[in-house]
Amino acid sequence: MTGTLTKLRERGPRALSSTIQSFIRRPRRTGNVLMLHNGRSGSTLLGDMMDQHQDVFWDGETQEKKLHQIEKKSEYGFADLYGAFDLDEGIRELQNRMKRRASGRIFGTEMQDYHAEIMKTDIEEYITRLRHLGFDRFIFLERNYLRKLVSHLIATQRQKFHIQSKEHVAAHKIRINPARIYVGHRHTTLLDAFYQYRDFFAKAHDAVENCKILRLSYEQDIQRNPVVAAQRTCQFLEIDEHLPQINFGKTTDSPLSEIVDNYEEVIECVLKSEFSQEAQDLLRNE
């Protein structure tokens, strides 16, 4: 803080006065926010745009960051460390980051379907604890299950989960075995992954009953115009709208029929299941 004040003094009294007035005008935190998603849904882009707002500190996937810190000091892999810390420790980590980093701003964090398992708890209990910490707003960000899954599989193979907005990514093709895929740091079937996605959102919805909820979708909001999605989020948080920079680009922008070698097999598998709507939506928009 001392260094910041020194620089402002060097720029003159007008700059110092303007900054102090801006800080004084900054609204007090009106509530913290949890974004729930299944990954590969535009969450990093939306979180980055919100973090550019002066009234928000966006922390991303707080609990996953903690587990990655443990992984660096361990001889075990990420998936083998599930349960390396419990819910109480996860909550303490969250509180410490809120105290150190938010500085009176709205604190945003994120949760994927497997994050509760990391802490040996369930979604409902984690959300209940967050509500006691002042989390009173919840964003549900969803994406077509199959597109989300393909994006995850490609990113895993490339070992590159995010790209810059102007970065070019070479075309990449994959083959999906519906009976065995690796997602959420474990092997499962295609349809079981879909069940996990669906159950996660269903349980989360039950846990935030009577709370303020914003529902976004990748296809309708992030993909069409991410800046508008950020402005909708500002309205939801009751803060001034801003025009953020778009710092991240799309990692899988081609039709799935051009990406998945056995596309017809995969589509047929989904069409024959209770998730047929996911395949139908995809076919309409390809």
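About the criteria used
Residues numbered from 1 in each chain as written. Predicted model: local features only at pLDDT ≥ 70, side-chain atom pairs only at ≥ 80, totals over all residues. Heavy atoms only, no water. Helix = DSSP H or I, 4+ residues; strand = E, 2+ residues; numbered from the N terminus. Buried < 20%, exposed > 50% of the residue type's maximum accessible area, 1.4 Å probe, protein only. Contact = heavy atoms within 4.5 Å. Areas by Shrake-Rupley, 256 points an atom, 1.4 Å probe, with all protein chains shown as cover. 1 Å grid on protein atoms, 1.4 Å probe; cavity = no way out; pocket = protein on both sides within 12 Å on 5 of 7 lines; lining within 4 Å. Points joined across faces, edges and corners; volume = space filled by probe spheres on them. Nonpolar A, V, L, I, M, F, W, Y, C, P; charged D, E, K, R; others polar. Pairing = 2+ DSSP bridges. Phe/Tyr/Trp six-rings, centres within 6.5 Å; stacked < 30°, edge-to-face > 60°. Lys NZ or Arg CZ within 6 Å of the ring centre and 35° of its normal. Salt bridge = Lys/Arg side-chain N within 4 Å of Asp/Glu carboxyl O. Axes fitted to C-alpha atoms, helices over the stretch in contact; angles between N-to-C directions. Parallel < 35°, antiparallel > 145°, perpendicular 65-115°, else oblique. Left-handed = near helix turned anticlockwise from the far one by under 90°. Core = buried A, V, L, I, M, F, W, Y, C linked by side-chain atoms within 4.5 Å.

An account of the overall build of the chain is requested, with residue identities and associated values reported.
Along the backbone of the chain there are 14 helices and seven strands. Here the chain, with 286 residues, has 48% of them falling under the buried criterion. In the chain, 77% of the contacts between residues at least 6 apart in sequence involve partners at least 24 apart. Within the structure as shown, the chain displays about 15,200 Å² of accessible surface, and the carbon and sulfur contribution to it stands at 46%.

Can you lay out the layout of surface pockets for me, pointing to particular residues and giving the numbers?
A volume near 390 Å³ is recorded for the second largest pocket. Lining the second largest pocket are 16 residues; nearest its centre among them are Asn 144, Glu 219, Gln 223, Asp 281 and Asn 285. Of the residues belonging to the lining of the second largest pocket, the class tally is two nonpolar, five polar and nine charged.

An account of the pairing of strand E3 (residues 106-111) is needed here, citing residue identities and associated values.
Extensive coverage of E3 is indicated by the burial of six of its six residues. Note: strand E1 (residues 32-36) against E3, four bridges, orientation parallel. Looking across to E3, one finds that Leu 36 is bridged to Met 111. Sheet topology places strand E2 (residues 56-58) next to E3; three bridges connect them, and they run parallel. Counted as the bridge partner of Trp 58 is Gly 108 from E3.

Let's hear about the packing of aromatic side chains: which residues, and what values?
Applying the stated criterion across every chain yields a total of 11 aromatic pairs. Taking the centre distance of 5.0 Å and the plane angle of 70° together, the rings of Tyr 195 and Phe 275 count as edge-to-face. Placement of the pair is Tyr 195 in helix H9 (residues 190-207) and Phe 275 in the loop between helix H13 (263-271) and helix H14 (276-285), with a sequence separation of 80 residues. Members of the aromatic cluster, connected to one another through ring pairs, are Tyr 145, Phe 194, Tyr 195, Tyr 197 and Phe 275. In this structure, Lys 66 packs its charged tip against the face of Phe 85, placed 5.3 Å from the ring centre. The cationic tip of Arg 143 hangs over the ring face of Tyr 218; the distance from NZ or CZ to the ring centre is 4.0 Å.

Give a detailed account of the side chain of Thr 188, specifying residues and quantitative values.
Along the polypeptide, Thr 188 turns up in strand E6 (residues 186-188). Other than its neighbours up to four places away in sequence, Thr 188 contacts Ala 179, Arg 180, Ile 181, Val 183 and Ala 193.

How would you explain unusual backbone geometry if you had to name every residue and give the values?
One non-glycine residue, Ser 103, lies in the positive phi region at around 50°. For Ser 103, the position within the fold is in the loop between helix H5 (87-102) and E3. A positive phi angle, near 60°, is found at Lys 120, a position not held by glycine. If you trace the backbone, Lys 120 turns up in the loop between helix H6 (115-118) and helix H7 (123-132).

Could you give an account of the pattern of salt bridges, with specific residues and numbers?
Going through the model one piece at a time under the given rule, you end up with 18 salt bridges. We note a salt bridge from Lys 65 to Asp 59, for which the minimum N-O separation is 3.5 Å. With a shortest N-O distance of 3.2 Å, Glu 167 and Lys 160 are connected by a salt bridge. Note on Lys 160: relative accessible area 36%, which makes it partly exposed. Overlapping salt bridges bring together Asp 59, Lys 65, Lys 66, Glu 89, Glu 93 and Arg 97 as one network.

Explain the packing of H9 against H13 to me, using residue names and the numbers behind them.
Their axes nearest at 10 Å, the elements H9 and H13 cross at an angle of 55°. With respect to their mutual orientation, H9 and H13 come out oblique. In this structure, H9 crosses over H13, and the sense of that crossing is right-handed. Across the interface between the two elements, Leu 190, Leu 191 and Phe 194 from H9 touch Val 266, Cys 269 and Val 270 from H13. Looking at the contact of H9 with H13 residue by residue, the class counts come to six nonpolar, no polar and no charged.

Got a sec to walk through the nonpolar core? Specific residues and values, please.
Counting residues in each nonpolar core, the largest one holds 32 residues, and the members touching the most others are Leu 36, Ile 127 and Phe 138. Looking at this core, the elements with two or more residues in it are E1, H5, E3, H6, H7, strand E4 (135-142) and H9. A total of five residues in this core trace back to one element, the largest contributor, which is H5. Residues in contact with Ile 127, not counting those within four places in the same chain, are Leu 34, Leu 36, Phe 138, Ala 204, Ala 207 and Val 208. Of all hydrophobic cores here, the second largest spans 24 residues; its members include Ile 154, Ile 174, Val 183 and Tyr 263.

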